[in-house]
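Each chain is listed here by its residues.
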Amino acid sequence: MTKWTPKHEAPEPLEGNVVATITGGTIVWFVLFLAQLPFYGWFHEHGHLWWLWTCLAGGGLGLLGIWYVRAREAAIRRGARNGDARTADAQNG
């Protein structure tokens, strides 16, 4: 069997407001958790308690994601500033 190779280059990754996207998703997970919390007994009786804990885990992982993307964007900004300073030093030096 031959290996498949793409016939065109991969598109550039989309860079949007990643922090807002992750924050929105995290809020949705926590809202779903809070909306299901009053039905804890029903979920427990019917064996669907994992739905509740999945929403809580999604919210918790979303908090980790917010921290990560904020740190990533800060590092990108720092790199851009340092790169600009190095370029100016090289031109003046």
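For the structure, see preceding data.
Calculation rules
Residues numbered from 1 in each chain as written. Predicted model: local features only at pLDDT ≥ 70, side-chain atom pairs only at ≥ 80, totals over all residues. Heavy atoms only, no water. Helix = DSSP H or I, 4+ residues; strand = E, 2+ residues; numbered from the N terminus. Buried < 20%, exposed > 50% of the residue type's maximum accessible area, 1.4 Å probe, protein only. Contact = heavy atoms within 4.5 Å. Areas by Shrake-Rupley, 256 points an atom, 1.4 Å probe, with all protein chains shown as cover. Patch = residues over 30% accessible without salt bridge, like charges linked within 9 Å, V, L, I, M, F, W, Y side chains within 5 Å. Salt bridge = Lys/Arg side-chain N within 4 Å of Asp/Glu carboxyl O. Phe/Tyr/Trp six-rings, centres within 6.5 Å; stacked < 30°, edge-to-face > 60°. Core = buried A, V, L, I, M, F, W, Y, C linked by side-chain atoms within 4.5 Å. Lys, Arg positive; Asp, Glu negative; His and termini not counted. Charge placed at Lys NZ, Arg CZ, Asp CG, Glu CD.

Colleague: Go over the overall build of the protein chain with me, naming the residues and quoting the values.
Modeller: Of regular secondary structure, the protein chain possesses three helices and zero strands. Starting at the N terminus and ending at the C terminus, the protein chain contains elements arranged as α-α-α. Split into buried and exposed, the 93 residues of the protein chain put 15% on the buried side. The long-range fraction of contacts in the protein chain, counting pairs at least 24 apart against all pairs at least 6 apart in sequence, stands at 60%. Split by element, the accessible area of the protein chain, about 7,900 Å² in all, is 66% carbon and sulfur.

Colleague: Describe a nonpolar patch on the surface, and please don't skip the residues or the numbers.
Modeller: A grouping of Leu 34, Leu 37, Tyr 40, Trp 53 and Leu 56 is seen on the molecular surface, where their side chains present a nonpolar patch of about 470 Å² in accessible area. Tracing the backbone through its elements, the reader meets Leu 37 in the loop between helix H1 (18–36) and helix H2 (40–45). The class of Leu 37 is partly exposed, set by a relative accessible area of 37%.

Colleague: Tell me what's going on with the side chain of Thr 26, and back it up with residues and numbers.
Modeller: With respect to the secondary-structure elements, Thr 26 resides in helix H1. When sequence neighbours within four positions are dropped, the list of residues in contact with Thr 26 reads Gly 59, Gly 62, Leu 63 and Ile 66.

Colleague: Give me the side chain of Gln 36: which residues, what numbers.
Modeller: Looking at the secondary structure, you find Gln 36 in helix H1. In contact with Gln 36, not counting residues within four places along its chain, are Phe 43, Trp 51, Leu 52 and Cys 55.

Colleague: Break down the packing of aromatic side chains for me, citing the residues and quoting the values.
Modeller: Going through the model one piece at a time under the given rule, you end up with five aromatic pairs. Ring geometry for Phe 33 and Trp 53: centres 6.5 Å apart, planes at 40°, overall tilted. One end of the pair, Phe 33, is in helix H1; the other, Trp 53, is in helix H3 (residues 49–92), and 20 residues separate them in sequence. You can call Phe 33 buried: its relative accessible area is 11%. For Trp 53, a relative accessible area of 42% corresponds to the partly exposed category.

Colleague: Provide a residue-level description of the nonpolar core, including the pertinent values.
Modeller: In this structure, Phe 33, Phe 43, Leu 49, Leu 52 and Cys 55 together form the largest nonpolar core, which totals five residues. No other element matches H3, which puts three residues into this core. Each residue touching Leu 49, except ones within four places of it in the same chain, is listed here: Tyr 40, Phe 43 and His 44.

Colleague: Now, about a positive patch on the surface: what can you tell me, with residues and values included?
Modeller: On the surface, a cluster of positive charge is contributed by Arg 70, Arg 77, Arg 78 and Arg 81. You can see Arg 78 is positioned in helix H3. With relative accessibility at 44%, the residue Arg 78 sits in the partly exposed group.

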